[in-house]
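# What the coordinates show
Each chain, letter by letter, is given below.
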Amino acid sequence: MKFQNLQEIKSKALTILDDNARNYYCSGACDEVTLSANQMAYQNIELLFRVMVDVSRIDTSVDILGTRLSMPVLIAPTAFHGLAHQDKELATARAAKKRGCLFINSTLSNTAVEDIGPIAPFWFQLYVYRDRVLTKELIERAEAAGATAVVLTVDAPVLGLRETDSRKSFVLPSHLTCANLESYNFTEIYQADDGSGLANHVGKLHDASLTWKDIEWMRSISKLPIIVKGVVHPEDARIATESGASGIVVSNHGGRQLDTSISTIEALQRISQTFDSKHLLLVDGGIRRGTDIVKALAAGADAVLIGRPVLWGLTVGGQSGVEKVLETLRKEFENAMALCGVTSIDKISKDLLVKKAG
Ligand SMILES: Cc1cc2nc3c(=O)[nH]c(=O)nc-3n(C[C@H](O)[C@H](O)[C@H](O)COP(=O)(O)O)c2cc1C
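Figured I'd write up the structure that's included with this text.

Cut-off values and rules
- Residues numbered from 1 in each chain as written.
- Predicted model: local features only at pLDDT ≥ 70, side-chain atom pairs only at ≥ 80, totals over all residues.
- Near = placed C-beta within 6 Å.
- Nonpolar A, V, L, I, M, F, W, Y, C, P; charged D, E, K, R; others polar.
- Axes fitted to C-alpha atoms, helices over the stretch in contact; angles between N-to-C directions.
- Helix = DSSP H or I, 4+ residues; strand = E, 2+ residues; numbered from the N terminus.
- Parallel < 35°, antiparallel > 145°, perpendicular 65-115°, else oblique.
- Left-handed = near helix turned anticlockwise from the far one by under 90°.
- Contact = placed C-beta atoms within 7 Å.
- Buried ≥ 20, exposed ≤ 12 C-beta atoms within 10 Å, placed from the backbone.
- Core = buried A, V, L, I, M, F, W, Y, C linked by C-beta atoms within 7 Å.
- Pairing = 2+ DSSP bridges.

## Notes on the site of the ligand
In the neighbourhood of the ligand, 23 residues make up the surrounding shell, with Ala76, Ser106, Thr153, Gly254 and Gly307 lying closest. In terms of residue class, the shell around the ligand is built from eight nonpolar, 11 polar and four charged.

This is the structure we're talking about:
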């Protein structure tokens, strides 16, 4: 595959996807201000690189919750990989394993956790349903299937106003299922009603009453570490870890929830000033270049999550397309480290960052 960068992979993917999938994958909430801000904010941070360091050997590997990764990159949970490729999440999970990254499987995947477990190490992303028996079952099934952490998404108590999905009446095509929920025979996702199938599903079934005390409830069900995803406020970051979470993902859901919310790299810079470094600090949103990963780590993150680019890779080439995305990022990251004068992850520090003037 002769792509130079993630943008080229995206451009190719957009020519392959049908309208339903393309709009669903690409879009953000309302005016998509946050969607673009996530990416733009990285361009507004400059790298104050160092020279005359021996960079003939670069180690990009890192330990995340006891798992050694080839680089500080995890695959963000994204719903419905079957819209991109017939091999669905199996292709993504295989690619992650092959390239030494970690796959996070969405509650709304087209592949059941029981089928992911034998393929690759994974974390399970949880949406809490009003039906707590169902929710408990999801956690238990994920743990039994081999998940090593639960990622609790907290920035979507209600669905963001995704006007494109609503305008185009996004639905899950009938040949795909929400495989983790199959025994419940939910049909909302296939019916757009007056919005989108996803808005229909989330509005009727997800639990908007979730609060911090539910972390305690989750801890009574499973011993797996809990990572809270969708935090931008330093105070919430503090409460998350005090409530028993092992870490957080600084995230605004890739600009798909509250539009005009803070970009995630800016939120990370605020959070990392007071965050207890015993806990895992992850960030996602708009990461498209190796230099973005350097900036996120310099701002205090232990690792980053990648969302849409993985879907572009999956679209253009299934497993090998996702591998291409990961390998492209790894090469760029290694190159950026060398040119910044750092040889290992622990040497990436905030001295490397300056805010663009004006
Ligand atoms: C198509 C799509 C589906 C998503 N589905 C989920 C999901 O099921 N659960 C979740 O926690 N986040 C979901 N997200 C948000 C991602 O986990 C992640 O926060 C976001 O994509 C990161 O931004 P990026 O796409 O700019 O890398 C989704 C994002 C996209 C683009």
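Once the structure has been displayed, the description carries forward.
## Some details on the packing of helix 4 (residues 88–98) against helix 13 (residues 308–340)
Viewed as axis vectors pointing N to C, helix 4 and helix 13 meet at an angle of 15°, and their least axial separation amounts to 8 Å. Here helix 13 runs roughly parallel to helix 4, going by the angle between their axes. In this structure, helix 4 meets helix 13 at a crossing whose hand is left-handed. In this structure, helix 4 contributes Ala91, Thr92, Arg94, Ala95 and Lys98 to the contact, and helix 13 contributes Val310, Leu314, Gly318, Gln319, Val322, Glu323 and Leu326.

## Topic: helix 11 (residues 264–271)
The buried fraction of helix 11 is high, at six of eight residues. Those residues of helix 11 that sit buried are Thr264, Ile265, Ala267, Leu268, Gln269 and Ile271.

## Points about the environment of Glu242
Examined against the element boundaries, Glu242 turns out to sit in helix 10 (residues 234–242). Expressed as a C-alpha distance, the spacing of Glu242 and Leu258, which sit 16 residues apart in the sequence, is 25 Å.

## Re the nonpolar core
Val150, Ile248, Leu282 and Val304 are the most contacted members of the largest nonpolar core, which has 110 residues in total. When residues in this core are grouped by element, the largest group, 13 residues, is from helix 13.

## Concerning the environment of Lys278
Positionally, Lys278 belongs in the loop between helix 11 and strand 10 (280–284). Along the chain, Lys278 and Arg50 lie 228 residues apart, while their C-alpha atoms are 28 Å from each other.

## Let's talk about helix 12 (residues 290–298)
The element helix 12 is largely enclosed, with a buried count of nine among its nine residues. Along helix 12, the positions that sit buried rather than exposed are Gly290, Thr291, Asp292, Ile293, Val294, Lys295, Ala296, Leu297 and Ala298. The positive-phi residue at the C-terminal boundary of helix 12 is Gly300, with phi of around 120°.

## What to know about the pairing of strand 11 (residues 303–306)
In strand 11, alternate side chains face the same way, and those of Ala303 and Leu305 on one face and Val304 and Ile306 on the other are all buried. Across three bridges, the pairing between strand 4 (residues 73–75) and strand 11 is parallel. When the sheet's bridge partners are listed, Leu74 is paired in strand 11 with Leu305. The pairing of strand 10 with strand 11 spans three bridges and is classified as parallel. Paired with Leu282 across the strands is Ala303, a residue of strand 11.

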